[in-house]
Amino acid sequence: MAETNNRMEDWLNLINAEAEGDLEEIERSTTVPEIKEVIALLRELSADEEVQKEADDREKFLNDAASVSGDAKREE
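Residues numbered from 1 in each chain as written. Predicted model: local features only at pLDDT ≥ 70, side-chain atom pairs only at ≥ 80, totals over all residues. Heavy atoms only, no water.

Novice: How would you sum up the overall build of the protein? Please name residues and give values.
Specialist: Helix and strand counts for the protein stand at four helices and zero strands. The N-to-C order of helical and strand elements in the protein reads α-α-α-α. Residue burial in the protein is summarised as follows: out of 76 residues, 12% are buried. Residue pairs in contact within the protein that sit at least 24 positions apart in sequence constitute 26% of those at least 6 positions apart. A total accessible area of about 6300 Å² is found for the protein, and carbon and sulfur atoms account for 52% of it. (Helix = DSSP H or I, 4+ residues; strand = E, 2+ residues; numbered from the N terminus. Buried < 20%, exposed > 50% of the residue type's maximum accessible area, 1.4 Å probe, protein only. Contact = heavy atoms within 4.5 Å. Areas by Shrake-Rupley, 256 points an atom, 1.4 Å probe, with all protein chains shown as cover.)

Novice: Got a sec to walk through the pattern of salt bridges? Specific residues and values, please.
Specialist: Once their charged atoms are close, side chains differing in charge can pair, the charge on each being opposite to the other. Under the counting rule described, the total for this entry stands at five salt bridges. In this structure, Glu27 and Arg43 form a salt bridge, with 3.0 Å as the shortest nitrogen-oxygen distance. Note that Glu27 is positioned in helix α2 (residues 20-29) and Arg43 in helix α3 (residues 33-47), a separation of 16 residues in sequence. For Arg43, a relative accessible area of 25% corresponds to the partly exposed category. Across the pair Asp57 and Lys53 runs a salt bridge whose closest N-O atoms are separated by 2.8 Å. Taken as a pair, Asp57 and Lys53 lie in helix α4 (residues 49-75) at a separation of four residues, close to a single helical turn. Assessed through its relative accessible area of 40%, Asp57 is described here as partly exposed. (Salt bridge = Lys/Arg side-chain N within 4 Å of Asp/Glu carboxyl O.)

Novice: Please give an account of the nonpolar core that cites residues and values.
Specialist: By size, the foremost hydrophobic cluster in this structure holds six residues: Leu14, Leu23, Ile26, Val32, Ile35 and Ile39. Of all the elements in the fold, those that place two or more residues in this core are α2 and α3. Setting aside residues up to four positions removed in sequence, Leu14 forms contacts with Leu23, Ile26, Ile35, Val38, Ile39 and Leu42. (Core = buried A, V, L, I, M, F, W, Y, C linked by side-chain atoms within 4.5 Å.)

Novice: Please provide a residue-by-residue account of a negative patch on the surface, values included.
Specialist: A cluster of acidic residues, Glu44, Asp48, Glu49, Glu50 and Glu54, forms a negative patch on the protein surface. Per element, the largest residue contribution to the negative patch is three residues, and it comes from α4. Residue position: Asp48 is located in the loop between α3 and α4. Given a relative accessible area of 33%, Asp48 falls into the partly exposed group. (Patch = residues over 30% accessible without salt bridge, like charges linked within 9 Å, V, L, I, M, F, W, Y side chains within 5 Å. Lys, Arg positive; Asp, Glu negative; His and termini not counted. Charge placed at Lys NZ, Arg CZ, Asp CG, Glu CD.)

Take a look at the structure:
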């Protein structure tokens, strides 16, 4: 059961990773090959300028939508 908990903890750590340093730590400590594959894919995608622009545009859209929603709630 300990291995299952470690696998789950590794996945949760990956989901919550915020910086390259977090990914490096997870990559060093995990024994789950799929997690290492996902980390490699994340690095590949973040190196792609087109994908990065799409991510930045999506983040801006979400921030703008949240701002509009917050403004609408304050006006009620």
